Amino acid sequence: MGVGVKVEKLNAWYGKSQALYDITMQAQANHATALIGPSGCGKSTFVRCLNRMHETVPDARADGKVLVGDLSVYNGTTAVQIRRRIGMVFQKPNPFPTMSIYDNVAAGLKLNGFRDHHRLDEIVERSLKHAALWDEVKDTVRKKSGASLSGGQQQRLCIARALAVEPEVLLMDEPCSALDPISTGKIEELIFQLKEKYTIVIVTHNMQQASRVAEFTGFFLLGRLIEFDKTEKIFTTPSDKRTEDYITGRFG
Amino acid sequence: MRTRFQQGLDELRARLLRMGGLAEQAVDRACQAYIDRDLARCHAVLEGESQINVIEREIDELAFDLLALQQPIAVDLRFILAVTKINSDLERVGDQAVNIVERVMDMVELPKVELPVDIPRMAAAVSAMVRRSLESFIEGKAELAQAVLEMDNVVDRMRDEAFINLVKAMNENPAVTRQALDALLVARNLERVADHTTNIAEDVIFWVRGADVRHNASPEFPVTHEVPEVK
């Protein structure tokens, strides 16, 4: 099952430049939360703070409180522990090009020393099924490389890879921006199904996508969370004029 | 702001204003036709109806295109939804004007009689409601729309009074039954026009504030800022 993500007064910097200001919000367990906002508003920085990827950038730092379930992300927990519980899918599908489909999915577990081949087979199959890719690759799962798949399939492979380590939260940073409408539709359908088991936080520039897949939406602007509410409220009657101006294309 | 989309919204607004002008004119002409027993005005209303119907379809087509091609959200979506609903109401206002002149055309065939009903007063109140509901749309002001809603009770009372007095007149003097029935139907048509103006006012409030105030409902999602930037 997914767990909720609770963020309180999260601030983030790149060197001296502050990228996030006092972000406080919650992503409810087993729901999808969309983050929208113009480029450079801090939404990607925000999700990268949730699994401590932000700190991998030189001179970048963050402070504040982030709870994933009961686990405190910035207090006494290692980044590896965090990333086992929070999977991430990026804008561009990034399968390991020299590995087979099977090895791509199994990579995270193998890195963690998992050697039970029978169990590994089960996990790979289950992860590919959860990512809605199994039926398309089951006959070539050990033969074909991850890079031989189409863009949409590669993205679902990356989702399967993230799911294999059994996270509770899945972060998606513009997962469909490089995909055609059919592949986008499949990923969106997948997000809908994945909510049963995982908590999803998705960054998107596509308003329609946010409104289609997420129960909650947050609008970021200049490093601040301007508005956070139920998705239908944000897209029909937002409370803040800046949200309305952005989503209706009056700026940004 | 997307230029093509803004042009579409402007066009939609302009056509609805044209539609509103025609519907308002139809009601005013129909009321004056009743007062003056004027067949020429009756024919003008009948001829104007086809024009209203044409614009109704144009507005629906344009709104449909904007929804399909531009995927509007928030205030823009509320605006387009409100326009399509106001469009229907204005078309029905035009129909009511036609119903009124049909009664007038029947009445002018009959001897003129004194009836205990003040149709001109009711017509003035209803015309004011039509005008104000359209003003609330033009200005994008929810307060103006609210004022229209409050006027509806006055017209309802006038209709009730007309009903009581005209039934009484028919009972007391059956010779005036046909004229009284015509007047009764005109009162009812006017009251229906008033109902359509309240629908228009509710749609303006929905557009501007995002609040659904129909059927005395308390709004679930009131918008805290005044919106319209549509010129």
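All of the points below concern the structure found in this document. (Residues numbered from 1 in each chain as written. Chains lettered and ligands numbered in written order. Predicted model: local features only at pLDDT ≥ 70, side-chain atom pairs only at ≥ 80, totals over all residues. Heavy atoms only, no water.)

**Notes on the overall build of chain A**
Line of reasoning, step 1. In terms of regular secondary structure, chain A is built from 10 helices and 10 strands.
Line of reasoning, step 2. Taking 252 residues into account, the globule formula puts the C-alpha radius of gyration at 18 Å, and chain A, at 18 Å, falls close to it.
Line of reasoning, step 3. If one aligns the C-alpha atoms of chain A with their principal axes, the spans along those axes are about 55 × 40 × 30 Å.
Line of reasoning, step 4. The 252 residues of chain A split such that 55% are buried.
Line of reasoning, step 5. Of all intrachain contacts in chain A linking residues separated by at least 6 positions in sequence, the fraction that spans at least 24 positions is 67%.
Line of reasoning, step 6. Entry remark: accessible area of chain A is about 11,100 Å², with carbon and sulfur atoms responsible for 51%.
Line of reasoning, step 7. Mean positive and mean negative side-chain charge positions of chain A (33 and 29 charges, respectively) differ by 3 Å. (Helix = DSSP H or I, 4+ residues; strand = E, 2+ residues; numbered from the N terminus. Rg over C-alpha atoms; globule rule 2.2 N^0.38 Å. Buried < 20%, exposed > 50% of the residue type's maximum accessible area, 1.4 Å probe, protein only. Contact = heavy atoms within 4.5 Å. Areas by Shrake-Rupley, 256 points an atom, 1.4 Å probe, with all protein chains shown as cover. Lys, Arg positive; Asp, Glu negative; His and termini not counted. Charge placed at Lys NZ, Arg CZ, Asp CG, Glu CD.)

**Quick word on the overall build of chain B**
Line of reasoning, step 1. Within chain B one finds six helices and zero strands.
Line of reasoning, step 2. Secondary structure elements of chain B occur, N-terminal to C-terminal, as α-α-α-α-α-α.
Line of reasoning, step 3. On C-alpha atoms alone, chain B measures out to a radius of gyration of 19 Å, which is about the 17 Å that the 2.2 N^0.38 rule sets for 231 residues.
Line of reasoning, step 4. Along the first, second and third principal axes, the C-alpha atoms of chain B reach 65 × 35 × 20 Å.
Line of reasoning, step 5. Going through the 231 residues of chain B one by one, you find that 51% of them count as buried.
Line of reasoning, step 6. Considering only contacts in chain B between residues 6 or more positions apart, those separated by 24 or more positions represent 81%.
Line of reasoning, step 7. As displayed, chain B offers around 10,900 Å² of accessible surface, 50% of which is attributable to carbon and sulfur atoms.
Line of reasoning, step 8. Looking at chain B, you have 27 positive and 40 negative side-chain charges, and the mean spots of the two groups are 1 Å apart.

**As for the sheet that holds strand 1 (residues 5-14) of chain A**
Residue and element names in this part refer to chain A.
Line of reasoning, step 1. Reading across the sheet, the four strands line up as 2-1-4-5 and stay open at both edges, with antiparallel pairing between neighbours. Every interior strand has two partners, whereas the edge strands, strand 2 (17-27) and strand 5 (71-72), have only one.
Line of reasoning, step 2. Two elements, strand 1 and strand 2, share seven bridges in a ladder whose sense is antiparallel. Paired with leucine 10 across the bridge in strand 2 is isoleucine 23.
Line of reasoning, step 3. Together, strand 1, strand 2 and strand 4 (60-68) form the strand contacts of helix 1 (residues 43-50), whose direction differs from that of strand 1 by roughly 115°. (Pairing = 2+ DSSP bridges. Axes fitted to C-alpha atoms, helices over the stretch in contact; angles between N-to-C directions.)

**Some words on the layout of surface pockets**
Line of reasoning, step 1. Each pocket or cavity is described by its volume, and for the largest pocket that value is around 590 Å³.
Line of reasoning, step 2. Lining the largest pocket we find 19 residues, and of these Arg83, Gly108, Arg161, Ala162 and Val165 of chain A sit closest to its centre.
Line of reasoning, step 3. Class assignment of the residues belonging to the lining of the largest pocket gives a composition of 11 nonpolar, five polar and three charged.
Line of reasoning, step 4. Taken as a whole, the second largest pocket encloses approximately 380 Å³ of empty space.
Line of reasoning, step 5. Counting only elements with at least two residues in the lining of the second largest pocket, the list comes to helix 3 (74-107), helix 5 (142-172) and helix 6 (177-209) of chain B.
Line of reasoning, step 6. Top element by residues in the lining of the second largest pocket is helix 6 of chain B. It accounts for seven residues. (1 Å grid on protein atoms, 1.4 Å probe; cavity = no way out; pocket = protein on both sides within 12 Å on 5 of 7 lines; lining within 4 Å. Points joined across faces, edges and corners; volume = space filled by probe spheres on them. Nonpolar A, V, L, I, M, F, W, Y, C, P; charged D, E, K, R; others polar.)

**With respect to the packing of aromatic side chains**
The geometry of an aromatic ring pair is captured by two quantities: the separation of the ring centres and the angle between the planes.
Residue and element names in this part refer to chain A.
Line of reasoning, step 1. Summed over the entire model, instances satisfying the criterion amount to six aromatic pairs over all chains.
Line of reasoning, step 2. Ring centres of phenylalanine 46 and phenylalanine 220 lie 5.4 Å apart, and the angle between their planes is 45°; on these two criteria the pair is classed as tilted. Taken as a pair, phenylalanine 46 in helix 1 and phenylalanine 220 in strand 9 (residues 216-221) lie far apart in primary sequence, 174 residues in all. Accessibility assignment for this pair places phenylalanine 46 and phenylalanine 220 in one class, buried.
Line of reasoning, step 3. Summarising the aromatic geometry, the rings of phenylalanine 216 and phenylalanine 228 are spaced 6.2 Å apart at their centres and angled 0° between planes, so their arrangement reads as stacked. Placement of the pair is phenylalanine 216 in strand 9 and phenylalanine 228 in strand 10 (residues 224-230), with a sequence separation of 12 residues. (Phe/Tyr/Trp six-rings, centres within 6.5 Å; stacked < 30°, edge-to-face > 60°.)

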